[in-house]
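For reference, the chains in residue letters:
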Amino acid sequence: MRAMTPALALLTTLAGGTGAGAAGMGPPPGASSCTGCHAEGSATGVLAGRPEAEIVAALDAFRSGTRPATIMNRIAKGFDAQESQAIAAWFAAQGPR
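Note that this is a predicted model, so its numbers are computed, not measured.

1. Details of the overall build of the chain
Logical step 1: The helix and strand tally for the chain stands at five helices and zero strands.
Logical step 2: Taken from N to C terminus, the helices and strands of the chain fall in the order α-α-α-α-α.
Logical step 3: For the chain, with 97 residues in total, the buried portion stands at 34%.
Logical step 4: Long-range pairs, those at least 24 residues apart, make up 67% of the contacts in the chain with a sequence separation of at least 6.
Logical step 5: Total accessible area on the chain is roughly 5300 Å²; 62% of this is exposed by carbon and sulfur atoms.

2. Focus on the packing of aromatic side chains
Logical step 1: Inspection of every chain in the model, using the stated rule, returns one aromatic pair.
Logical step 2: Aromatic side chains Trp90 and Phe91 sit 5.0 Å apart centroid to centroid with 70° between the ring planes, which places their arrangement in the edge-to-face category.
Logical step 3: What makes Phe91 buried here is its relative accessible area of 3%.

3. Some words on the layout of surface pockets
Logical step 1: Looking at the largest pocket, its volume works out to about 260 Å³.
Logical step 2: Of the residues forming the lining of the largest pocket, the biggest block, five residues, is contributed by helix H3 (residues 52–64).
Logical step 3: Here the residues of the lining of the largest pocket sort into ten nonpolar, three polar and three charged.

4. Comments concerning the nonpolar core
Logical step 1: Counting residues in each nonpolar core, the largest one holds 14 residues, and the members touching the most others are Cys34, Leu47, Ile55, Ile87 and Phe91.
Logical step 2: Looking at this core, the elements that each hand over two or more residues are H3 and helix H5 (81–93).
Logical step 3: Once you skip the residues sitting within four places of it in the chain, Ile87 turns out to touch Pro28, Pro29, Gly30, Ala31, Cys34 and Phe79.

5. Details of H5
Logical step 1: With 13 residues, H5 extends 18 Å between its outermost C-alpha atoms, agreeing within 8% with the 18 Å of an ideal straight helix rising 1.5 Å per residue.
Logical step 2: Among the residues of H5, those classed as buried are Glu83, Ser84, Ala86, Ile87, Ala88, Ala89, Trp90 and Phe91.
Logical step 3: The N-cap residue of H5 is Asp80: its side-chain oxygen and the backbone nitrogen of Gln82 are 3.1 Å apart.
Logical step 4: A positive backbone phi angle near 80° is found at Gly95, which sits one or two residues after H5.

Parameters at a glance
- Residues numbered from 1 in each chain as written.
- Predicted model: local features only at pLDDT ≥ 70, side-chain atom pairs only at ≥ 80, totals over all residues.
- Heavy atoms only, no water.
- Helix = DSSP H or I, 4+ residues; strand = E, 2+ residues; numbered from the N terminus.
- Buried < 20%, exposed > 50% of the residue type's maximum accessible area, 1.4 Å probe, protein only.
- Contact = heavy atoms within 4.5 Å.
- Areas by Shrake-Rupley, 256 points an atom, 1.4 Å probe, with all protein chains shown as cover.
- Phe/Tyr/Trp six-rings, centres within 6.5 Å; stacked < 30°, edge-to-face > 60°.
- 1 Å grid on protein atoms, 1.4 Å probe; cavity = no way out; pocket = protein on both sides within 12 Å on 5 of 7 lines; lining within 4 Å.
- Points joined across faces, edges and corners; volume = space filled by probe spheres on them.
- Nonpolar A, V, L, I, M, F, W, Y, C, P; charged D, E, K, R; others polar.
- Core = buried A, V, L, I, M, F, W, Y, C linked by side-chain atoms within 4.5 Å.
- Expected span 1.5 Å × (residues − 1).
- Polar contact = N/O pair within 3.5 Å; in protein donor to acceptor, adjacent residues only side chain to side chain.

What follows is the structure, encoded as structure tokens:
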């Protein structure tokens, strides 16, 4: 597992694993790689407002290969569990779109 950056550690701490506090913060590192395909109106579905646990589980499944993919598996492997948690907390805190 890679070491967390100070900014990611702060976000993870503030989010507390529930998304609380993440709404008013800027996106964590890596979230921009999600918004390109999961923006409002996208065919792949919007991540904003989706449950944090659902996003984390999806990233874990893509990373482990249990959920087949051609692109997401490669993207998810770029995030460790803590980074995935921070990204999920931030998207969940954005509220439904």
